[in-house]
Amino acid sequence: MLAYKLPPPEPSEGWVARLWREQSEQDPIVHAHSGRVGKIAGLTAAQLGIENVEALKIQLASQFHDIGKLDLPRDVLYAPRRLTEDEMAIIRRHSVLGALRIRKLEATPMLSLLEDVARHHHERFDGAGYPDGLIGEAASLPARIAAAADVYAALWERRVYKSPISHDEVIGRMTDGDDRMRPTMFDPRVIAALKDAQPAIRRLLTD
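Residues numbered from 1 in each chain as written. Predicted model: local features only at pLDDT ≥ 70, side-chain atom pairs only at ≥ 80, totals over all residues. Heavy atoms only, no water.

J.: Outline the environment of Leu113, supporting the account with residue identities and numerical values.
T.: With respect to the helices, strands and loops of the structure, Leu113 is situated in helix α7 (residues 109–120). With relative accessibility at 17%, the residue Leu113 sits in the buried group. Linking Leu113 and Glu25, residues 88 residues apart in sequence, is a C-alpha distance of 23 Å. The contact partners of Leu113, leaving out residues within four places of it in the chain, are Lys57, Ile58, Ala61 and Pro142. (Helix = DSSP H or I, 4+ residues; strand = E, 2+ residues; numbered from the N terminus. Buried < 20%, exposed > 50% of the residue type's maximum accessible area, 1.4 Å probe, protein only. Contact = heavy atoms within 4.5 Å.)

J.: With reference to specific residues and values, describe the nonpolar core.
T.: In this structure, Ile40, Tyr152, Met174, Phe186, Leu194 and Ile201 are the most contacted members of the largest nonpolar core, which totals 30 residues. Going through the elements one at a time, α2 (28–47), α3 (52–62), α8 (141–156), α9 (167–176), α10 (188–196) and α11 (198–204) are the ones with two or more residues in this core. Broken down by element, this core gets its largest block of residues, eight residues, from α8. What Met174 contacts, discounting residues up to four positions off in sequence, is Ala148, Val151, Tyr152, Leu155, Met181, Pro183, Phe186, Ile191 and Leu194. Membership of the second largest hydrophobic core comes to 18 residues, among which are Leu60, Leu70, Ala118 and Ala146. (Core = buried A, V, L, I, M, F, W, Y, C linked by side-chain atoms within 4.5 Å.)

J.: So what's going on with the side chain of His167? Which residues, and what values?
T.: Note that His167 resides in helix α9. Given a relative accessible area of 9%, His167 falls into the buried group. Reaching out from His167, the side chain makes a polar contact with the side chain of Trp156 at a distance of 3.0 Å. With residues up to four places along the chain from it excluded, the contact list for His167 reads Tyr152, Trp156, Gln198, Ile201, Arg202 and Leu205. (Polar contact = N/O pair within 3.5 Å; in protein donor to acceptor, adjacent residues only side chain to side chain.)

J.: Outline the packing of α7 against α8, listing residues and values.
T.: Orientation of α7 relative to α8, taken along the N-to-C sense of each, is 50°, at an axis distance of 9 Å. By the criterion of interaxial angle, the relationship of α7 to α8 is oblique. Crossing handedness for the pair α7 and α8: right-handed. Every residue of α8 that contacts α7 at Leu113, Asp116, Val117 and His120 is listed here: Pro142, Ala143 and Ala146. Considered class by class, the residues forming the contact of α7 with α8 number five nonpolar, one polar and one charged. (Axes fitted to C-alpha atoms, helices over the stretch in contact; angles between N-to-C directions. Parallel < 35°, antiparallel > 145°, perpendicular 65-115°, else oblique. Left-handed = near helix turned anticlockwise from the far one by under 90°. Nonpolar A, V, L, I, M, F, W, Y, C, P; charged D, E, K, R; others polar.)

Written out as structure tokens, the structure is:
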């Protein structure tokens, strides 16, 4: 059975402990959001039929997808207003900054996965994402899963600039689109799995 709740690591666990500590201490809001994204990504991966160990790797990588936001100015990241184009350009740099932060650690296959997810979780299936404008399966499956999980969590959460919305409305917007979102942004297989995993996601997202 997939162990969705990953405990805080001990210092002896090296880079996991380091990233966990940096994220939780420097930005608890990013840390909480990233934990939710990890849970959603793990459940979605399992729904896609990805074996437990690989699903857990995707969950772990997704928990650090926004690590680059630690390198952004707080007044821009948490501005309670609509951002300017220049400020949005600053925000978009977090994917590259996150990949660079992870690249400074030791080279392992798991860290390569974290780096990939950090860099590419804002790529879109229709090519409208950033930073590399990847189209379709040019972005890895873990990155495509994290991309959908990130949007799901962001829509569901309360933010300084928005109220939370229900799980049903989240799925509705992601599958049908709205004035800011197109269904073509997401891998259809991932969205189908995310929708099927929603009962488990509802149980897991309690805060």
